[in-house]
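Topology and contacts: notes
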Amino acid sequence: MFVVASIGSSFLTEENAPQIRAFMTPNVAHLSTVLLGCALAMVPSLESTALSLCFGLGGLAGFLYSGHTALRVAGTEVVFVDRLWYGLIPTFAYGVIVAAALIMALNARGGLETLAVGLVLLLVASIRNSWDLIVFYAQHTDRPS
C-alpha cells in the first residue's frame, strides 16, 4: 500500500476523496486487520473467551464496514470482478472471522483454523486490490512526452 500511495500520489486529492474512501482506505483497513489479528492470535496469555470476544467484535465491525464499502463500490462504474474483490470477498472474510469467534466461544474445534481462513482471505483480497490499484494508477499517470 505504501508503493500504491506513492505511485498514485497525484490521485490523492480532495477531488478524488470518494474513490479513495471506496478503494484505497478499505485496503489499508483490511491489511491492518490481518496484522492486528495475527498478533492478537499469538498472545499466549489471552484466554479463549477474550480472544473470541475480540475477534467477534472486530469481525462484526469489519463486516459492517465491508458491507458499507461493498454498497459504495456497487454504485461505481467498475467491472464485476472489482465489485467481487473490493466488496464481496472482504465482507465474506469478516463473516468467516465472526464465525471463527463463535466457534471459539463455544470451545469447539476448528476456531483458530477458521480464523486463519478469514485472515488469509482478507490478505489475498488486499494484495490483489493493491495490485489492481497500482496498475490503474500506472495506466492513468501522465507520462512525460
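Predicted, not measured: the structure shown is a model, and the values here were computed from it.

**A look at the nonpolar core**
Counting twelve residues, the largest nonpolar core is built from Val-34, Leu-51, Phe-55, Ala-93, Tyr-94, Ile-97, Ala-100, Ala-101, Met-104, Leu-115, Leu-119 and Leu-122. Taken together, the elements giving at least two residues each to this core come down to α3 (48-74), α4 (80-105) and α5 (111-140). Not counting residues within four places of it along the chain, the set of residues in contact with Met-104 comprises Leu-51, Ser-52, Phe-55, Gly-111, Leu-112 and Leu-115. Core analysis: the next-biggest nonpolar cluster, separate from the first, contains five residues, Phe-23, Met-24, Val-73 and Tyr-86 among them.

**Overview of α3**
Here α3 contains 27 residues, and its C-alpha end-to-end distance of 37 Å stays within 8% of the 39 Å for a straight helix at 1.5 Å per residue. Within α3, the full set of buried residues consists of Leu-51, Ser-52, Phe-55, Gly-56, Gly-59, Gly-62, Ser-66, Thr-69, Ala-70 and Val-73.

**What to know about α4**
The end-to-end C-alpha distance of α4 is 36 Å, a good match for the 38 Å that 26 residues give at a rise of 1.5 Å each. After α4 finishes, the residue Asn-107 shows a positive phi value of roughly 55°.

Rules and cut-offs
Per chain, residues are indexed from 1 in the order of the written sequence. For a predicted model such as this one, the threshold for reporting local features is a pLDDT of at least 70, and the threshold for listing and counting side-chain atom pairs is 80 or more; totals across whole chains, interfaces and linings nevertheless cover every residue. Water and hydrogen atoms were dropped before computing side-chain values, which therefore reflect all heavy atoms in the structure. For the purposes of this section, nonpolar cores are sets of buried Ala, Val, Leu, Ile, Met, Phe, Trp, Tyr and Cys residues that join through side-chain atoms within 4.5 Å. Summary of the burial criterion: residues with accessible area below 20% of their type's maximum are buried, those above 50% are exposed, and those between are partly exposed, where the area comes from a 1.4 Å probe applied to protein chains only. Only DSSP runs of H or I reaching four residues or more are called helices, and only runs of E reaching two or more are called strands; each is numbered from the N terminus. Contacts are residue-level and defined by heavy atoms, with any inter-residue pair within 4.5 Å sufficient. Multiply 1.5 Å by the residue count of a helix minus one, and that product is the helix's expected span.

Everything listed here is a matter of geometry and, on its own, says nothing about what the molecule does.
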